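Next come the chains, spelled out residue by residue.
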Amino acid sequence: MDFNIPEYPGLQFGSIYCIGRNYAKHIEEMKSEVTEDPVVFLKPRSSIIFDGGTVRIPKQSNNVHHEVELVLLIGSITRNVEPGNAAHSIKAISAGIDITARDLQSDAKKNGLPWTLSKGFDSFAPLGNFVNYTPDIHLGDLDISVKVNGATRQAGNTSHMLFSCERIISYLSKQFTLYPGDLIFTGTPEGVSPILPGDTVQASLQNNISTLTIHVE
Ligand code: MG
């Protein structure tokens, strides 16, 4: 694949930052703990696919889950920004799915190892269309949902985030320099569940401003 962002000629995808444990009810269903700072992990950009793409279940896993998430696309070099100024760094938003090999993640957690293998397979970062970010978009009040074969599995709202988008960007920018083209998956609400070969998975952000349909093989 090339790494060009379809909506923004000349801009390429960069790092993919992901936030874990950002919705209380998802933390409950995972029997995890609330943390003082955001939990951060990465996916390789080779895991990106788009609307109409296919998620391939890797032979290493028998339990692959959907995690629907609001995704932020960074538009400017961002370092050490405070939450009050962080939204200026957002170029666009989209619906995305943090596909997760739950069995591999559980093994990694049990053994105190990184989550990379469970999160980073090819096709494990499906993205919907990007919507230009403007200040009239309320990042703290966006519906995100996902259906599998037409049945709703997750229906959340970003108002339930433990760390707001602005706090996430601020926190990340104090650890790393963020660059145009970087993505941030902001965490998933409750309702994660398995996907199987033959399934059709549809994600939606806020009245379908960004949508995504993928097939599972
Ligand atoms: Mg996630």
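Right above here is the structure, for reference.
Residues numbered from 1 in each chain as written. Predicted model: local features only at pLDDT ≥ 70, side-chain atom pairs only at ≥ 80, totals over all residues. Heavy atoms only, no water.

Caption draft 1: Representation of the packing of aromatic side chains in the model. Evaluation of the coordinates by the stated rule reveals six aromatic pairs. Between F41 and W115 the ring centres are 5.3 Å apart and the planes differ by 50°, which places this aromatic pair in the tilted class. Taken as a pair, F41 in strand β2 (residues 39-43) and W115 in the loop between α3 (102-110) and α4 (116-119) lie far apart in primary sequence, 74 residues in all. Here F41 falls in the buried class, since its relative accessible area comes to 9%. Owing to a relative accessible area of 15%, W115 belongs among the buried residues under this scheme. Through successive ring pairs, a cluster of aromatic residues spans Y8, F13, F50 and F130. Over the aromatic face of F3 sits the side chain of R45, whose NZ or CZ is 3.8 Å from the ring centroid. In this structure, K91 is placed above the aromatic ring of Y8, and the distance from its NZ or CZ to the ring centre is 4.9 Å. (Phe/Tyr/Trp six-rings, centres within 6.5 Å; stacked < 30°, edge-to-face > 60°. Helix = DSSP H or I, 4+ residues; strand = E, 2+ residues; numbered from the N terminus. Buried < 20%, exposed > 50% of the residue type's maximum accessible area, 1.4 Å probe, protein only. Lys NZ or Arg CZ within 6 Å of the ring centre and 35° of its normal.)

Caption draft 2: Local environment of the coordination of the magnesium ion. Distances from the magnesium ion to its protein donors, namely E67 (OE), E69 (OE) and D98 (OD), fall within the range 2.0 to 2.1 Å. For the magnesium ion, the single-chain donor residues occur in sequence as E-x1-E-x28-D. For the pair E67 and E69, a shared accessibility class is recorded, and that class is buried. (Donors = N, O, S within 2.8 Å, 3.2 Å for Na, K, Ca; no water.)

Caption draft 3: Representation of the sheet that holds strand β11 (residues 143-148) in the model. The five strands lie next to each other as β4-β16-β15-β11-β12, forming an open sheet whose pairing is mixed. The outermost strands of the open sheet, each flanked by one partner alone, are β4 (54-55) and β12 (151-157). In the sheet, β11 pairs with β12 via six bridges, with the strands oriented antiparallel. Counterpart to V146 in the pairing with β12 is Q154. (Pairing = 2+ DSSP bridges.)

Caption draft 4: View of the pairing of strand β15 (residues 200-205). Relative to β15, β11 runs antiparallel, the two sharing five bridges. Paired with V146 across the strands is A203, a residue of β15. Note that β15 and strand β16 (residues 210-216) share six bridges and pair antiparallel. Each bridged residue has a counterpart across the sheet, and for A203 the counterpart in β16 is L212. Counting the residues in the hairpin turn of β15 and β16 gives four residues, including Q206, whose phi is positive at 35°.

Caption draft 5: Molecular detail of the pattern of salt bridges. One pass over the full model with this rule turns up seven salt bridges. Among the salt bridges present, the one from R56 reaches E217, with a minimum N-O distance of 2.5 Å. Note that R56 is positioned in the loop between β4 and β5 (64-66) and E217 in the segment after β16, a separation of 161 residues in sequence. For K174, the salt bridge goes to E82, with nearest N and O atoms at 2.9 Å. Pair noted here: K174 is in the loop between α5 (165-173) and β13 (183-185) and E82 is in the loop between β6 (68-74) and α2 (83-86), with a separation of 92 residues, a long-range link. Bridged by salt links that share partners, the residues K43, E67, D98, R102 and K119 form one connected network. (Salt bridge = Lys/Arg side-chain N within 4 Å of Asp/Glu carboxyl O.)

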